[in-house]
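Listed here are the chains, written in short residue letters.
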Amino acid sequence: MRAGRSFEDRFPATGEVTALVQESTADDVDAAVTAARKALRGPWGRMSVPERIAILRRIVDEVNRRFDDFLRAEILDTGKPVSLARQIDIPRGAANFAVFADLIATMGTEVFQTPTPDRADALNYTIRVPRGVIAVICPWNLPLLLMTWKVAPALACGNTVVVKPSEETPATAALLGEVMNAVGVPPGVYNVVHGFGPGSAGEFLTSHPDVDGITFTGESVTGEAIMRAAATGVRPVSLELGGKNPGLVFDDADLDAAVEGLSRACFSNTGQVCLGTERLYVQRGIFEAFVERFCERAKRFRFGDPFSNETTLGPLVSQVHREKVLSFYDMARREGATVLVGGGVPNVPGFVSGYWVEPTVWTGLPQSSPVVSDEIFGPCTHVMPFDDEDEAVALANDTRYGLATSIWTRDVSRAHRVASRIEVGVAWINCWFLRDLRTPFGGAKRSGVGREGGAHSLEFYTELRNICVKL
Ligand SMILES: NC(=O)c1ccc[n+]([C@@H]2O[C@H](COP(=O)([O-])OP(=O)(O)OC[C@H]3O[C@@H](n4cnc5c(N)ncnc54)[C@H](O)[C@@H]3O)[C@@H](O)[C@H]2O)c1
Ligand SMILES: O=C/C=C/C=C(\O)C(=O)O
């Protein structure tokens, strides 16, 4: 790192500055990309697949050995409760490397025997080669999980990476660098640059001509900017973007399970999950009963010290994000919503300057309200009744986004029928965020481009080369 500006990293539960982070300059980004290119041509590029797999497995072990360091860093950056980070963020950070080590160990490619006029035939076979230097641009909501979700398949496939974590959550990407060094990942394979988007490290990286592909998770408008940057030089992108995900509850659903599952979908990680639910549609016959129980459940979340096991809901990630979420809380009120739960800022003793907001449930708004159509990314949801299946599907699909849905019914036929009609990349039936990392993951419509997960990740992280040999 050379001289440049620095920026503050804050603990969202108190607003206290926990670190000063050096902002990478255009020269730093260039040095990182150059190092990544050089590493491709060095020992990493010549390494056999079993050797790479062995390194990936050592990464898993080292992340697990330093579990508590990762846990603490992630909590200080995000403010999320320790119970959540211990169960989801850090284990998944390690698991991502294990899954792609397994995948790459067993992947085959296709072969065709092609008839020729002399009847000797030809063989067409396909090999996968690394795409090259991959830029990995990450959001702040699940920093380690979403970063390793991209870095693991990139490295498994033999690429090198330059990672730009979110400016809100820089710590675990830096810690992972220590892990890479400790387990013998060659220099230049995993690089981290820090900073913001426009006019900073994000833009420097995505517009760098020696980057071969860009994988991004974040907001849809940022995805558009990144796609424009990628157009220069015709670089491929993989985009996992925003959502306004619908949850559907039919009148034959297991109500207890639906209330529990959807309360996680709406509120866990303080609503800052791209797959989370911000629109609930409930069949009219059970509307009152569902809403009553759902609101009761929403009131049971406990704010407090993110490091305490008792805490089930943390603050939002930043003051700026809190202003955005609260502006939607105001708008809902102005537009005449009935506020069933929350709608404001809680008093959290000992943490009064943290970025807290209450879990919030509204009814009574039309589909056209921005509260019902725009991604808020907070612990809030609007609930609306529907009469039949066709109406539920139409309401669910009435959106620019298409990331995920969660459907609750005991009617097996209906469950499959509805899931296949909702325009999303990921449909869950009687569950939410039940992830099998071998499955395709991504969004339809404005929620993204491409799919990552299992073998689907290879579509982005490798280039296919077809070889035709005349026999
Ligand atoms: N589909 C998914 O898998 C998924 C997963 C998690 C989050 N998200 C989405 O992410 C959003 C929340 O995350 P966020 O606020 O960090 O997103 P964001 O788009 O504001 O920022 C994401 C990253 O992009 C960088 N960036 C911003 N502008 C850039 C530019 N012009 N060029 C290059 N880089 C730039 C940021 O610095 C950050 O690292 C929500 O919209 C959420 O739905 C989607
Ligand atoms: O906020 C979005 C959460 C995305 C989750 C994943 O990408 C995953 O589970 O791999």
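Residues numbered from 1 in each chain as written. Chains lettered and ligands numbered in written order. Predicted model: local features only at pLDDT ≥ 70, side-chain atom pairs only at ≥ 80, totals over all residues. Heavy atoms only, no water.

Naming follows an unreviewed UniProt entry, where the protein chain appears as 2-hydroxymuconate semialdehyde dehydrogenase of Tepidamorphus gemmatus. Here is the UniProt Sequence similarities (unreviewed entry) comment for the protein chain, exactly as written: "Belongs to the aldehyde dehydrogenase family." (UniProt positions renumbered as here; feature names shortened; annotations may be inferred.)

The description of two packed helices rests on the angle between their axes and on the distance between the axes. It is the contact of helix H6 (residues 143–156) with helix H7 (residues 171–183), at a shortest axis distance of 10 Å, that shows an interaxial angle of 40°. Between H6 and H7, the interaxial angle falls into the category oblique. Taken as a pair, H6 and H7 cross one another with a handedness that is right-handed. From H6, Pro143, Leu144, Met147, Thr148, Val151 and Leu155 reach across to H7, where they touch Thr172, Ala173, Leu176 and Met180. (Axes fitted to C-alpha atoms, helices over the stretch in contact; angles between N-to-C directions. Helix = DSSP H or I, 4+ residues; strand = E, 2+ residues; numbered from the N terminus. Parallel < 35°, antiparallel > 145°, perpendicular 65-115°, else oblique. Left-handed = near helix turned anticlockwise from the far one by under 90°. Contact = heavy atoms within 4.5 Å.)

Attention now moves to the UniProt feature "domain: Aldehyde dehydrogenase" (unreviewed entry) in the protein chain. In the numbering adopted here, UniProt assigns the feature "domain: Aldehyde dehydrogenase" (unreviewed entry) to residues 5–466. Its end C-alpha atoms 47 Å apart, residues 5–466 is made of 41% helix and 21% strand.

Quick look at the site of ligand 1 now. Surveying the vicinity of ligand 1 reveals 31 residues, the closest of which are Cys138, Glu167, Thr222, Leu241 and Glu375. Taking Cys138, its main chain carries an N or O atom lying 2.7 Å from an oxygen atom of ligand 1. Leu241 is positioned such that a nitrogen or oxygen atom in its backbone is 2.6 Å from a nitrogen atom of ligand 1. For ligand 1, whose unbound accessible area comes to 850 Å², protein coverage reaches 92%. Grouping the constituent residues of the shell around ligand 1 by class yields 16 nonpolar, 9 polar and 6 charged. In this structure, the shell around ligand 1 is formed jointly by two domains, domain 1 (6–241 + 447–470) and domain 2 (245–436), each of which donates at least three residues. (Near = heavy atom within 4 Å. Polar contact = N/O pair within 3.5 Å; in protein donor to acceptor, adjacent residues only side chain to side chain. Areas by Shrake-Rupley, 256 points an atom, 1.4 Å probe, with all protein chains shown as cover. Nonpolar A, V, L, I, M, F, W, Y, C, P; charged D, E, K, R; others polar. Domains from an automatic or database assignment.)

The next subject is the site of ligand 2. In the region of ligand 2, the neighbouring residues are Arg92, Asn141, Leu142, Leu145, Leu146, Trp149, Val273, Cys274, Leu275, Phe433, Arg435 and Phe441. Arg92 is positioned such that a nitrogen or oxygen atom in its side chain is 2.6 Å from an oxygen atom of ligand 2. Here an oxygen atom of ligand 2 and a backbone polar atom of Cys274 are 2.7 Å apart. Compared with its free state, where it exposes 300 Å², ligand 2 has 100% of that area covered by protein. By residue number, the principal contributor to the shell around ligand 2 is H6, which donates 3 residues. Here the residues of the shell around ligand 2 are counted per class, giving 9 nonpolar, 1 polar and 2 charged. Two domains share the shell around ligand 2, each providing at least three of its residues, namely domain 1 (6–241 + 447–470) and domain 2 (245–436).

For the rest of this paragraph, the subject is the packing of aromatic side chains. In this structure the tally under the stated criterion is 16 aromatic pairs. With a centroid separation of 5.5 Å and 70° between ring planes, the pair formed by Phe267 and Phe301 is classed as edge-to-face. One end of the pair, Phe267, is in helix H10 (residues 255–267); the other, Phe301, is in the loop between helix H11 (287–299) and helix H12 (319–334), with 34 residues separating them in the sequence. On the basis of relative accessibility, which here comes to 0%, the residue Phe267 falls in the buried class. Phe301 gets classed as buried once you look at its relative accessible area, which sits at 13%. An angle of 85° between the planes, with centres 5.6 Å apart, marks the rings of Tyr329 and Trp362 as edge-to-face. In this pair, Tyr329 sits in helix H12 while Trp362 sits in strand S13 (residues 360–363), placing the two residues 33 residues apart along the sequence. Take Tyr329: its relative accessible area is 1%, and that puts it in the buried class. Taken together, the ring pairs in this structure connect Phe267, Phe290, Phe294 and Phe301 into an aromatic cluster. (Phe/Tyr/Trp six-rings, centres within 6.5 Å; stacked < 30°, edge-to-face > 60°. Buried < 20%, exposed > 50% of the residue type's maximum accessible area, 1.4 Å probe, protein only.)

Turning to the domain arrangement of the protein chain, a few remarks are in order. As assigned here, the protein chain comprises domain 1 (6–241 + 447–470) and domain 2 (245–436). Each of domain 1 and domain 2 has a C-alpha centre, and these two points are 30 Å apart. Facing the 30 residues of domain 1 at the interface are 29 residues of domain 2. Taking both sides of the interface into account, the surface hidden between domain 1 and domain 2 amounts to around 2300 Å²; carbon and sulfur atoms contribute 60%. When the buried surface of domain 1 facing domain 2 is broken down by residue, Pro12, Trp140 and Ser447 rank first, second and third, together holding 22% of it. Taken together, the links from domain 1 to domain 2 amount to 10 residue pairs in polar contact (both at pLDDT 80 or more). Its residues placed into classes, the side of domain 1 that touches domain 2 shows 12 nonpolar, 9 polar and 9 charged. (Buried area = accessible area lost by both parts, 1.4 Å probe.)

This part is about helix H4 (residues 67–78). An ideal rise of 1.5 Å per residue puts 16 Å on 12 residues; H4 measures up with 16 Å between its terminal C-alpha atoms. Most of H4 is tucked away: 9 of the 12 residues are buried. Of all the residues in H4, the buried ones are Phe67, Phe70, Leu71, Ala73, Glu74, Ile75, Leu76, Asp77 and Thr78. With its phi angle positive at about 80°, Gly79 sits one or two positions after the end of H4. (Expected span 1.5 Å × (residues − 1).)

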